[in-house]
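Descriptive structure summary
Here is what each chain is made of, one letter per residue.
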Amino acid sequence: EKYEEAAGYMAMMNVKAADLVIVKAKTAEDVADLKAGLEARQETNAQIWSAYLPDQYEIVKNYQLIEKGRYLLYAVAEDAEGIAAAFEAYFE
């Protein structure tokens, strides 16, 4: 109910922590709720990976969560910073 559009990617195998979500909130007021949901997702990912694979946990710890207007990006990836930079460049 709180978003207009969303796209996501998760690793197909549970030995990789890759997780990518881009979402467009319906209204500016919905952004905070969606962001809170993505922050909760990050907390869950951190709990899971902290006890599983150390190299993947490092990737999870270096996640990116960026807000641009009604858009949010949540990226857990080896190049999360590069993904974040591309996302931000789109809005320039």
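Throughout what follows, the structure given in this document is the object of discussion. Please read all numbers here as calculations on a predicted model, not as lab measurements.

End to end, helix α1 (residues 30-50) covers 30 Å across 21 residues, agreeing with the expected 30 Å (1.5 Å per residue, within 8%). For α1, the complete set of buried residues consists of Asp30, Val31, Leu34, Leu38, Gln42, Asn45 and Trp49. Projected down its long axis, α1 carries its buried residues within an arc of 115°, all on one side. Within α1, the exposed residues directed more than 90 degrees away from the buried face are Ala32, Glu43 and Gln47. In this fold, the buried residues of α1 make contact with β1 (3-10), β2 (19-25), α2 (54-61), β3 (64-68) and β4 (71-76).

As enumerated under the stated definition, the model contains 5 aromatic pairs in all. Ring geometry for Trp49 and Tyr52: centres 5.2 Å apart, planes at 50°, overall tilted. You can call Tyr52 partly exposed: its relative accessible area is 39%. Between Tyr90 and Phe91 the ring centres are 5.3 Å apart and the planes differ by 85°, which places this aromatic pair in the edge-to-face class. Overall, the relative accessible area of 68% leaves Tyr90 in the exposed class. Taken together through their ring pairs, the aromatic side chains of Tyr71, Phe87, Tyr90 and Phe91 make up a single cluster.

Within the secondary structure layout, Tyr9 lies in strand β1. C-alpha separation for the pair Tyr9 and Lys35, spaced 26 residues apart in sequence, amounts to 17 Å. When residues no more than four places from it in sequence are discounted, the contact partners of Tyr9 are Ala18, Asp19 and Leu20.

Reading the values: rules and limits
- Residues numbered from 1 in each chain as written.
- Predicted model: local features only at pLDDT ≥ 70, side-chain atom pairs only at ≥ 80, totals over all residues.
- Heavy atoms only, no water.
- Helix = DSSP H or I, 4+ residues; strand = E, 2+ residues; numbered from the N terminus.
- Expected span 1.5 Å × (residues − 1).
- Buried < 20%, exposed > 50% of the residue type's maximum accessible area, 1.4 Å probe, protein only.
- Arc of directions from axis to C-beta.
- Contact = heavy atoms within 4.5 Å.
- Phe/Tyr/Trp six-rings, centres within 6.5 Å; stacked < 30°, edge-to-face > 60°.

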